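Coordinate inspection notes
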Amino acid sequence: MTPRSRLCGVATLAMLAVVPALARAQTALQPYQMVRSLEIVQDRIATGDHAIMPMQRELLAIIDSRLRAMKTSDFADDRNLQALLVYAMSGGNPATVSIVLSRLDLAGPNKDIGTGVLHYLNGRSTEAHAALRPVDPLALPPALGAFAALIKGSIVGTEAPAEALKLLDEARLLAPGTLVEEGALRRSIGLAAGTGDTTRFMRAASQYAERYLRSPYASQFADAFVAGVVTLHGSLDLAAIGDITALMDAEQERVIYLRIARRAGIDGFEELASFASDKAQEAGLRVNVAEDPRALLYSSLAAVSSGTSEEISAKLAKIDRRKLSASDRELFDAVAAVAAKLTATPPRLPAPPVEPETADMAAMDEGDIPVLDVETAPLPRQATAAGRVAPAPKPASATAPIAAPSDKKVAETRRRLDEIDRLLGDVR
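Residues numbered from 1 in each chain as written. Predicted model: local features only at pLDDT ≥ 70, side-chain atom pairs only at ≥ 80, totals over all residues. Heavy atoms only, no water.

In this section: the overall build of the chain. Within the chain, the secondary structure is distributed over 19 helices and zero strands. Among the 428 residues that make up the chain, the fraction classed as buried is 48%. The contacts in the chain between residues at least 6 apart in sequence include a share of 69% that link residues at least 24 apart. Accessible surface, the chain as shown: approximately 20600 Å² in total, 55% of it carbon and sulfur. (Helix = DSSP H or I, 4+ residues; strand = E, 2+ residues; numbered from the N terminus. Buried < 20%, exposed > 50% of the residue type's maximum accessible area, 1.4 Å probe, protein only. Contact = heavy atoms within 4.5 Å. Areas by Shrake-Rupley, 256 points an atom, 1.4 Å probe, with all protein chains shown as cover.)

Here we take up the packing of helix H9 (residues 161-174) against helix H10 (residues 179-194). Two numbers describe how H9 lies on H10: the axes approach to 9 Å, and their chain directions differ by 155°. Between H9 and H10, the crossing angle belongs to the class labelled roughly antiparallel. Where H9 crosses over H10, the handedness of that crossing is left-handed. Touching Pro-161, Ala-164, Leu-165, Leu-168, Ala-171 and Arg-172 of H9 are Val-180, Glu-181, Ala-184, Leu-185, Arg-187, Ser-188, Leu-191 and Ala-192, all from H10. (Axes fitted to C-alpha atoms, helices over the stretch in contact; angles between N-to-C directions. Parallel < 35°, antiparallel > 145°, perpendicular 65-115°, else oblique. Left-handed = near helix turned anticlockwise from the far one by under 90°.)

Turning next to the packing of aromatic side chains. The relation between two aromatic rings is expressed through the spacing of the ring centres and the mutual angle of the planes. All told, the structure shown has five aromatic pairs when counted by the stated rule. Taking the centre distance of 5.7 Å and the plane angle of 20° together, the rings of Phe-221 and Phe-225 count as stacked. Pair noted here: Phe-221 and Phe-225 are both in helix H12 (residues 218-232), with a separation of four residues, about one helical turn. One exposure class covers both Phe-221 and Phe-225, and it is buried. Following the ring pairs from residue to residue traces out a cluster consisting of Phe-201, Tyr-208, Tyr-212, Phe-221 and Phe-225. (Phe/Tyr/Trp six-rings, centres within 6.5 Å; stacked < 30°, edge-to-face > 60°.)

Turning next to the pattern of salt bridges. When the charged atoms of two side chains with opposite charge come close together, those side chains can pair. Tallying each qualifying case throughout the model produces 14 salt bridges. Of the charged contacts in the structure, one is a salt bridge between Arg-211 and Glu-181, with a shortest N-O distance of 2.7 Å. Taken as a pair, Arg-211 in helix H11 (residues 198-211) and Glu-181 in helix H10 lie far apart in primary sequence, 30 residues in all. Take Glu-181: its relative accessible area is 4%, and that puts it in the buried class. For Asp-333, the salt bridge identified is with Arg-321, shortest N-O distance 2.8 Å. With Asp-333 in helix H18 (residues 326-342) and Arg-321 in the loop between helix H17 (309-317) and H18, this residue pair connects regions lying twelve residues apart in the sequence. Across this residue pair, the class does not change: Asp-333 and Arg-321 are buried. Through salt bridges that share partners, Asp-169, Arg-172, Glu-181, Arg-200 and Arg-211 make up one connected network. (Salt bridge = Lys/Arg side-chain N within 4 Å of Asp/Glu carboxyl O.)

This part is about the confidence of the model for the chain. Overall, the prediction assigns the chain a mean pLDDT of 78, with 71% of residues at 70 or greater. Counting contacts from residues 1-14, a segment whose pLDDT is below 50, to residues more than four positions away or on other chains yields seven contacts. Across residues 345-351, where pLDDT falls below 50, the model places five contacts with residues more than four positions away in sequence or in other chains. (pLDDT = per-residue confidence, 0-100.)

Before going further, it helps to spend a moment on H12. For an α-helix, 3.6 residues make a turn, and residues three or four places apart therefore share a direction. When the terminal C-alpha atoms of H12 are compared, their 21 Å separation across 15 residues agrees well with the 21 Å that a helix rising 1.5 Å per residue should span. Most of H12 is tucked away: eleven of the 15 residues are buried. The set of residues buried in H12 consists of Ala-218, Ser-219, Phe-221, Ala-222, Ala-224, Phe-225, Val-226, Gly-228, Val-229, Val-230 and Leu-232. Residues of H12 that are buried make contact with H10, H11, helix H13 (238-245), helix H14 (250-267) and helix H15 (270-286). (Expected span 1.5 Å × (residues − 1).)

Turning our attention to the packing of H12 against H14. The contact between H12 and H14 brings their axes to 9 Å, and the two run at 40°. One finds that H12 runs oblique with respect to H14. You can see that H12 and H14 cross each other, and the crossing is right-handed. Across the interface between the two elements, Ala-222, Asp-223, Phe-225, Val-226, Ala-227, Val-229 and Val-230 from H12 touch Ile-256, Arg-259, Ile-260, Arg-263, Ala-264 and Asp-267 from H14. Here the residues of the contact of H12 with H14 sort into nine nonpolar, no polar and four charged. (Nonpolar A, V, L, I, M, F, W, Y, C, P; charged D, E, K, R; others polar.)

Position of Ser-277 relative to the elements: it lies in helix H15. For Ser-277, the side chain forms a polar contact with the main-chain oxygen of Ala-273, separated by 2.8 Å. Setting aside its immediate chain neighbours within four residues, Ser-277 contacts Ala-261, Ala-295, Tyr-298 and Ser-299. (Polar contact = N/O pair within 3.5 Å; in protein donor to acceptor, adjacent residues only side chain to side chain.)

Written as C-alpha cells, this is what we have:
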C-alpha cells in the first residue's frame, strides 16, 4: 500500500467515525455545518473513494431529519438557507425541501432557486428552466452558484448547447475538484461532440480522464466518449485518442476500444474500426487476455465494404462464435453471409427482381459490451442450448439484375453494397 493510499484510508476512517457524532449532535449542529460535511464526502466519492459512499447516505438521512425539525426562525441565518438549497441539489429528499420551503417567505434569487430546484427534482424541466432563467450563478455564493450553474446547464443542453457549455464552465470555475466539476465535465463531453467542437471535446475528455476515472459515474463518461469519438472521427487525430486512453488502466482501455470498434464497424468507418480493434488487442495483451473475438469481428465488419472474401473469411475463421454475445453472433452471421455472397457465381442473364429475404436479426445495443467502470469488465459468454453453435445463414441467390460482362466490376460493387445494406441496415 502506498503512503497516499494509507493516508486516504486513515482519512476515510476518520470521517466514518464522524457520522455517529453527527447523529448524536444533530440538534446542536446547524444545517450549514452538516452540509459542509456532505460536500466533503461527495467530493471524495467523485475522485474515487467508494468506501465512503455509505457515509453519504447516512449524512443525507441525518440532514433530512434535522431540516424537518427546524423552526422558520432558524433560516434567518442565510447560511442555513443556502445549506437547504445545496442539500436539495446534492441529492436531498424533494419532499423535505418542499415542506421546508412552504414555511418560508422567500424572495429574489433564493425563491427562484428553490422553485427551480423543486421542479428539477420532480422532472419538470420546462418549469425549472423558467424559474431559474433570471438566476446568475456567478452572483451567488460559490457553493450555491456552482450547483445552480450545473442544473441550468443540464436543463438547456438540448435546446441551447452553446449556452449550456458556458454554464457548465461557470460551474467548474466555482467548484473545481468537486462532484460538481465531475458532473459538468461529463456533460460537456457530450455537448461538445454534438456541436462538432473537436477541440473542446478532446480537452474535456482529457480533463475527465485525468481526474475522475474512479468516479462512480465514469460509465456515463465512457458512453459520451465512445459516442463522441465515432461522431467526430473524421476530424480527430487518432493518436490524441490514444493519449486520453493511456490515462486509463489496461482493462478500461480495452473495453473502451472494443466499444469504439463495434460502433465504427456497424457504421462502416473502416479506419477507425481497425485502429480501435488493434488497440483493444494491445490492451488485452497487457492484462493477459487472449486474442479477443470481438475485436476480430468488429474489424471484419468494417472491412466488408472493401475487403475480399478471403480476407474476411480468414478473420472470421479465428473467431470462436460461442464466445460472442447474442447480438454479436448475429453480427457474425451477417458478415459471414456477405462474405459468402462475394464468392457466389453470378448468372449469365439478368434475373427478375424478387422479394429480398429478411435477416432474422434482433435490435442491438451497446449493452452487450461492458461499459467503463472501476471493476474488471468480463467478456460476455453466451451460447445456444446445450452449447451447440448455430450455423451461419446459407448464402442466398443474387436479388438484383447483374450488369453486362463489360460492367462486371460495377456490378460486383453494387451487389456487395446491396447485401451490406440489407443485412446490416437494422443495426446502423
